[in-house]
Amino acid sequence: MKNKQSSTLITKNKVGVVSEKDNQQQTNYLEAVKSFARLTYESVYVINYETMSFEYVSENPLFLCGYSSEEVFNMGYDFYFKHVPEEELNLLEQINEAGFDFFEKLPANTKKEYSITYDFHLTNQNGKNTLINHKLTPLFLTGDSKLWKAMCIVSLAHHQHPGNVFIKRQGSEEQWELDLKNNIWRKSLKPTLSEREIEVLRLHAQGLTINQIAEKIFVSPDTVKYYRRRIFERLSVNNIVEALAAAVNSKII
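Position numbers for residues start from 1 in each chain and track the written sequence from start to end. A pLDDT threshold of at least 70 governs which residues receive local features in this predicted model, and a stricter bar of 80 or more applies before side-chain atom pairs are shown or counted, although totals over entire chains, interfaces and linings include all residues. The side-chain values count all of the structure's non-hydrogen atoms but skip hydrogen atoms and water molecules.

Caption draft 1: View of the layout of surface pockets. A volume near 850 Å³ is recorded for the largest pocket. Lining the largest pocket are 36 residues, and of these Thr-117, Lys-135, Lys-168, Asn-249 and Ser-250 sit closest to its centre. At the level of secondary structure, the elements contributing two or more residues to the lining of the largest pocket comprise strand E3 (114-123), strand E4 (129-141), strand E5 (147-156), strand E6 (163-169), strand E7 (174-179), strand E8 (184-189), helix H9 (221-235) and helix H10 (240-249). Here the lining of the largest pocket gets five residues from one element, more than from any other, and that element is E3. Tyr-49, Leu-92, Asn-96, Phe-100 and Tyr-118 are the residues nearest the centre of the second largest pocket, which is lined by 27 residues in total. Working definition: helices are DSSP H or I runs of at least four residues, strands are E runs of at least two. Numbering for both runs from the N terminus. Looking at the lining of the second largest pocket, the elements that each hand over two or more residues are strand E1 (43-48), helix H5 (78-83), helix H6 (86-104), E3 and E4. With nine residues, H6 is the largest single contributor of residues to the lining of the second largest pocket. Here the nonpolar group is Ala, Val, Leu, Ile, Met, Phe, Trp, Tyr, Cys and Pro; Asp, Glu, Lys and Arg are the charged ones; every other residue, Gly included, is treated as polar. When its residues are assigned to classes, the lining of the second largest pocket shows 22 nonpolar, four polar and one charged. A pocket here means an open set of points on a 1 Å grid, computed over the protein atoms alone, that has protein on both sides within 12 Å along at least five of seven lines. A cavity is instead a set of points where a 1.4 Å probe fits but cannot get out; residues with an atom within 4 Å of a point line either one. Grid points are joined across faces, edges and corners, and a volume is the space filled by probe spheres set on the points.

As structure tokens, then:
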């Protein structure tokens, strides 16, 4: 076996002493955000709550509604008022108020561990509605622990209707769902799957059919169908596409 120390995995791009000038680049956090945006199909943008503006908008098209990222960047919050259906603007106001009320009650040293996720429609320039899932998590807090800047991730929703508002804590199985009718946060546990169910989902993600999965894991096709039904029940979805999206969003696979 090749000696690890001489492997090009280690030697090809080994960097020597980094200058003070190079170290100052670390203050430009948006470079990290841009790098992440280049690696994901999801749309990425940053909100600055001091200026109530967008600080960065990625070129990923889902969030843009047919505009360029620069145009959405310049619109800032006006983008929501132009491209969220009027009845759902009220929903976003309710989520915003309830979310910040929840956030303000958290211990300051844990606030960055929380994220909120919810679904709403965006209407593009041709009048077509798309139900998107919107996630938001803190980037920076002020000295008095208020949310200063936040990163937002936009992907296609796996539900069929707007709402579905959850707050989740990193590293915890707990989550809180907003009861929109009563405007109350209700605590619950994140959905879980067995190892076999996760294996079935991962094989579906690779494009295998039910028969191919059955052959791969040495069970009958009917057994695979049973696992699928269990997955749908546990994740509260109706088909394998929704199941895969739900599992990814919940960090199950």
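Still to come is the rest of the account.
Caption draft 2: Quick look at the pairing of E8. Between any two strands, at least two bridges found by DSSP are needed for them to pair. In terms of strand pairing, E7 meets E8 through six bridges, oriented antiparallel. When the sheet's bridge partners are listed, Gln-175 is paired in E8 with Ser-188. Linking two consecutive strands that pair antiparallel, namely E7 and E8, is a turn of four residues; a positive phi of about 55° is found at Asn-183 within it.

Caption draft 3: Molecular detail of the packing of helix H7 (residues 195-205) against H9. Here, axes are lines fitted to C-alpha atoms. For helices the fit covers the stretch in contact, and angles between N-to-C directions go from 0 to 180 degrees. One way to put it is that H7 packs onto H9 with a least axis distance of 10 Å and a crossing angle of 100°. Compared by their axis directions, H7 and H9 come out roughly perpendicular. Across the interface between the two elements, Arg-196, Glu-197, Val-200, Leu-201 and His-204 from H7 touch Val-224, Tyr-227, Arg-228, Arg-230, Ile-231, Arg-234 and Leu-235 from H9. For the contact of H7 with H9, the residue count by class is six nonpolar, one polar and five charged. Under this scheme an angle from 65 to 115 degrees is roughly perpendicular, one under 35 degrees roughly parallel, and one over 145 degrees roughly antiparallel; angles in between are oblique. In this description, contact between two residues means that some pair of their heavy atoms is separated by no more than 4.5 Å.

Keep in mind these values describe shape, not function.
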